[in-house]
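Fold and contact review
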Amino acid sequence: MFWRTCTACNGAGGAGCEVCGGDREPVFRCPASHHTPEIDAAFLAMDWAEAGVLPVAGGLLEQSASFVQFVSIVQAERAAIEREERARSERRKEMGHGRQ
Ligand SMILES: [Zn+2]
């Protein structure tokens, strides 16, 4: 199981959201089951964009809206995962089990 930003409320639903209840949405399928050739290509393009090579010549406004949205979603999910890992690390430290 892994957690992602709620797809029903886009992370803004709070305790009233029936899917996430204000937390992140649990996903019970293997992440690999969501893999498609298109997603693989988008991640490859994102790797190149992070290295400074955009998929389409020009600036941000020349890129496809779907690619720009893909990058935004992946960056938001990565930031959420980093926040979760930091919080988990802090809890371990508070319990005296953290790495120093
Ligand atoms: Zn929700």
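Residues numbered from 1 in each chain as written. Predicted model: local features only at pLDDT ≥ 70, side-chain atom pairs only at ≥ 80, totals over all residues.

1. Here's the deal with the domain arrangement of the protein chain
Bring the parts together and some accessible area is lost; that lost area is often taken as the interface size. In terms of domain boundaries, the protein chain breaks down into domain 1 (1-34) and domain 2 (36-100). Of note, the centres of domain 1 and domain 2, computed from C-alpha atoms alone, are 17 Å apart. (Domains from an automatic or database assignment.)

2. Concerning unusual backbone geometry
The phi dihedral of Asn10 falls on the positive side, at around 60 degrees, and the residue is not glycine. Tracing the chain through its elements places Asn10 in the loop between strand S1 (2-4) and strand S2 (25-27). (Helix = DSSP H or I, 4+ residues; strand = E, 2+ residues; numbered from the N terminus.)

3. Things to note about helix H1 (residues 37-50)
Here H1 is 14 residues long and its end C-alpha atoms lie 20 Å apart, about the 20 Å a rise of 1.5 Å per residue gives. Within H1, only zero of the 14 residues are buried, which leaves it mostly out in the open. (Expected span 1.5 Å × (residues − 1). Buried ≥ 20, exposed ≤ 12 C-beta atoms within 10 Å, placed from the backbone.)

4. Some words on the packing of H1 against helix H2 (residues 65-94)
Closest axis-to-axis distance for the H1/H2 pair is 11 Å, and the angle between their directions is 80 degrees. In terms of orientation, H1 and H2 fall into the roughly perpendicular class. Residues Ala42, Ala45, Met46 and Ala49 of H1 form the contact with H2, whose participating residues are Phe67, Phe70, Val71 and Val74. Considering only residue class, the contact of H1 with H2 consists of eight nonpolar, no polar and no charged. (Axes fitted to C-alpha atoms, helices over the stretch in contact; angles between N-to-C directions. Parallel < 35°, antiparallel > 145°, perpendicular 65-115°, else oblique. Contact = placed C-beta atoms within 7 Å. Nonpolar A, V, L, I, M, F, W, Y, C, P; charged D, E, K, R; others polar.)

5. What about the confidence of the model for the protein chain?
When pLDDT is low, close inspection of the predicted coordinates is not appropriate. Within the protein chain, residue pLDDT values average 90, and 96% of them lie at 70 or more. Ranking the helices and strands of the protein chain by mean pLDDT puts H1 first, with 95, and S1 last, with 86. (pLDDT = per-residue confidence, 0-100.)

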